[in-house]
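A look at the structure
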Amino acid sequence: MNNFLGFILLFGTMLSSAQNIKQKAIPLEGDSSLDRLILAAADKELVLLGEASHGTHEYYLWRDKISRRLIAEQGFNFIAVEGDFASLYHLNLYIKNQDGAANSAKEILQKLHRWPTWMWSNEEVVALAEWLRKHNDTLPQHKKVGFYGMDVYDEWNSKKEILDLLKTIDQTTYTFVKDQYKCFEPHKGDSWSYAHAVNAGKEACTTATKNVVEYIRTHRNKLSAISDDTYFYILQNATVVQNAEEFYRESVASSGPNSWNSRVHHMHGTVNELLNLYGENSKGIVWAHNTHIGDAEYTSMRNAGQKNIGQLIRERLGEANVFLIGFTTYEGKVMAGSKWGAPMKEMTIPPAIPKSIEYTLNQFDHDQFYLIFDDEDRKEENLKAIGNRAVGVVYNPRGDRRQFVPTIIPLRYDALFFFKNTSAVRVLKK
């Protein structure tokens, strides 16, 4: 398959036949429209829900609907999202109604401050979180559904959380960790400053961050007074610090795929740790961009040496135990920034380019629908590479034509949701 794959990524232009797509399209006309999807995903260990942007209402809305049904009807145990671990953990405390939790989901999400805040500080996430709280209120503590950030960012907040907690739990561990993290002090919360200093020859904190993770892993007895959830929180924050150190250092040292893959391996590792936390037969849901959840092996990312969560999870658990669902649109509105850190604004997504899956699907009558791919779709004569829209948190509509990833759709995803026209996510007001 790999030689054939390389050929079609370079030369292919279409996806299957129009008649086949028309027959397989499942219109989105209400929650019951999802019945076939829920049935297909029900027995999977992980269901990954994508998005073609980080600021589209319809993606959040339908991922919410899918997540609720998987949790309520199929017993899924947690949601892991492309967000910061330490700050979003407060949402986990709230939906589980644990000690120290805030009074509402909105209260937590309005306090998010690290750019791009709109990804999680929005009305759509509030609605899901409040539903999760009500759902969890009917369950015993050990069966409550969790909500976690799985990304590698916000590492300075993670350092602070670790030290603040350890100071109240075990002085010996606190002293050890604080001493290890001293090497970061000259950089005062700026990981880019740290990475550039290391690239210029200054001593790296790689060993120190590894020492902290290993110490916490091997000294659970010193932290015996805390719950497994709190221990996981401390350990995962230490893992964020360790992997963020690698991510930023690699970002400065090389222009290749190492930094991207470093972040991918961290997110993949976080999902695996959550499966371990929730125990035997646990099942999880992942929310992330299509570039993370759609198997990179069947896109041009492969040619650049880039991996992603969808690919790694398929390799680890087996394709039969994973369900990858992409989301995309022909045109619409989106919340994004013109550059990293720029003020968010509503932007227009122009009509998709020809030779894209979005252009192809826009030819059909339904305003919104989804496809579930099967063995027929994956026959070699049906496997053609085609553009697949990818809008990031940084976006320039004038350069939209360059934001399509060559993709073998039926292999990259197990299902694909399509919307002819989409709207921007509803951002919370401060």
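Residues numbered from 1 in each chain as written. Predicted model: local features only at pLDDT ≥ 70, side-chain atom pairs only at ≥ 80, totals over all residues. Heavy atoms only, no water.

Moving on, we get to the overall build of the protein chain. When helices and strands are counted, the protein chain shows 17 helices and 11 strands. For the protein chain, the C-alpha radius of gyration of 22 Å lies close to 22 Å, the compact-globule estimate for 430 residues. Projected onto the principal axes, the alpha-carbon positions of the protein chain cover approximately 70 × 55 × 40 Å. In the protein chain, which comprises 430 residues, the share counted as buried stands at 57%. Total accessible area on the protein chain is roughly 18200 Å²; 48% of this is exposed by carbon and sulfur atoms. Each charge class in the protein chain was averaged separately, 50 positive and 52 negative side chains, and the resulting centres sit 4 Å apart. (Helix = DSSP H or I, 4+ residues; strand = E, 2+ residues; numbered from the N terminus. Rg over C-alpha atoms; globule rule 2.2 N^0.38 Å. Buried < 20%, exposed > 50% of the residue type's maximum accessible area, 1.4 Å probe, protein only. Areas by Shrake-Rupley, 256 points an atom, 1.4 Å probe, with all protein chains shown as cover. Lys, Arg positive; Asp, Glu negative; His and termini not counted. Charge placed at Lys NZ, Arg CZ, Asp CG, Glu CD.)

What follows concerns the confidence of the model for the protein chain. Residues at a pLDDT of 70 or more form 96% of the protein chain, whose mean pLDDT is 94. In this model, residues 1-15 is a region of pLDDT below 50 whose contacts with residues beyond four sequence positions or in other chains number 36 contacts. (pLDDT = per-residue confidence, 0-100. Contact = heavy atoms within 4.5 Å.)

Turning our eyes to something else, we now look at the layout of surface pockets. Here the second largest pocket is characterised by a volume of approximately 180 Å³. Contributing to the lining of the second largest pocket are Tyr89, His90, Leu93, Gln98, Glu161, Asp164, Leu165, Ser227, Asp229, Thr230 and Tyr233. Looking at the lining of the second largest pocket, the elements that each hand over two or more residues are helix H5 (85-95), helix H8 (155-169) and helix H12 (228-253). (1 Å grid on protein atoms, 1.4 Å probe; cavity = no way out; pocket = protein on both sides within 12 Å on 5 of 7 lines; lining within 4 Å. Points joined across faces, edges and corners; volume = space filled by probe spheres on them.)

Applying the stated criterion across every chain, the model contains 25 aromatic pairs. Summarising the aromatic geometry, the rings of Phe85 and Phe232 are spaced 6.0 Å apart at their centres and angled 80° between planes, so their arrangement reads as edge-to-face. Of this pair, Phe85 sits in helix H5 while Phe232 sits in helix H12; the two residues are 147 residues apart in sequence, bridging distant segments of the chain. We classify Phe232 as buried; its relative accessible area is 7%. Here Tyr148 and Phe232 contribute two aromatic rings whose centre-to-centre distance is 6.1 Å and whose plane-to-plane angle is 85°, an arrangement assigned as edge-to-face. Of this pair, Tyr148 sits in strand E4 (residues 146-149) while Phe232 is found in helix H12, placing the two residues 84 residues apart along the sequence. With relative accessibility at 1%, the residue Tyr148 sits in the buried group. Through successive ring pairs, a cluster of aromatic residues spans Phe78, Phe85, Tyr89, Tyr148, Phe232, Tyr233 and Tyr278. We note Lys65 situated over the ring of Trp62; from NZ or CZ to the ring centre the distance is 5.3 Å. (Phe/Tyr/Trp six-rings, centres within 6.5 Å; stacked < 30°, edge-to-face > 60°. Lys NZ or Arg CZ within 6 Å of the ring centre and 35° of its normal.)

Under the criterion given, the structure shown has 1 disulfide. In this model Cys183 forms its disulfide with Cys205; the gap between the sulfur atoms is 2.2 Å. In this pair, Cys183 is assigned in the loop between helix H9 (171-180) and helix H10 (191-199) and Cys205 in the loop between H10 and helix H11 (206-218), connecting sequence segments 22 residues apart. (Disulfide = S-S within 2.5 Å.)

Attention now moves to H10. Along H10, the residues classified as buried are Ser191, Tyr194, Ala195, Ala197 and Val198. Buried residues of H10, seen end-on, are gathered within an arc of 160° and therefore sit on one face of the element. Looking at the buried residues of H10, the elements they touch are H8, H11 and H12. With a side-chain oxygen lying 3.0 Å from the backbone nitrogen of Trp192, the N-terminal cap of H10 falls on Asp190. Looking one or two residues beyond H10, the residue adopting positive phi is Gly201, at roughly 115°. (Arc of directions from axis to C-beta. Polar contact = N/O pair within 3.5 Å; in protein donor to acceptor, adjacent residues only side chain to side chain.)

Before going further, it helps to spend a moment on the nonpolar core. Grouped together as the largest cluster of nonpolar side chains are 52 residues, with contacts concentrated most on Leu37 and Phe417. A total of 6 residues in this core trace back to one element, the largest contributor, which is helix H4 (residues 57-74). In terms of nonpolar packing, the next biggest core, distinct from the first, is built from 43 residues, Val240, Tyr278, Leu324 and Leu416 among them. (Core = buried A, V, L, I, M, F, W, Y, C linked by side-chain atoms within 4.5 Å.)

This brings us to the packing of H10 against H12. Here H10 crosses H12 at 60°, and the two axes come no closer than 8 Å. Between H10 and H12, the crossing angle belongs to the class labelled oblique. Note on packing geometry: the crossing formed by H10 with H12 is right-handed. Side by side, H10 and H12 meet where Ser191, Trp192, Tyr194, Ala195, His196, Val198 and Asn199 of the first sit next to Glu245, Tyr248, Arg249, Ser251, Val252 and Ala253 of the second. Counted by class, the contact of H10 with H12 contains 7 nonpolar, 4 polar and 2 charged residues. (Axes fitted to C-alpha atoms, helices over the stretch in contact; angles between N-to-C directions. Parallel < 35°, antiparallel > 145°, perpendicular 65-115°, else oblique. Left-handed = near helix turned anticlockwise from the far one by under 90°. Nonpolar A, V, L, I, M, F, W, Y, C, P; charged D, E, K, R; others polar.)

Turning our eyes to something else, we now look at the packing of H5 against helix H7 (residues 123-136). It is at 8 Å that the axes of H5 and H7 come closest, and there the two elements cross at 35°. Residue-level inspection shows Leu91, Tyr94 and Ile95 of H5 in contact with H7, the latter providing Val125, Ala129, Glu130, Leu132, Arg133 and Asn136. The residue inventory of the contact of H5 with H7, partitioned by class, reads 6 nonpolar, 1 polar and 2 charged.

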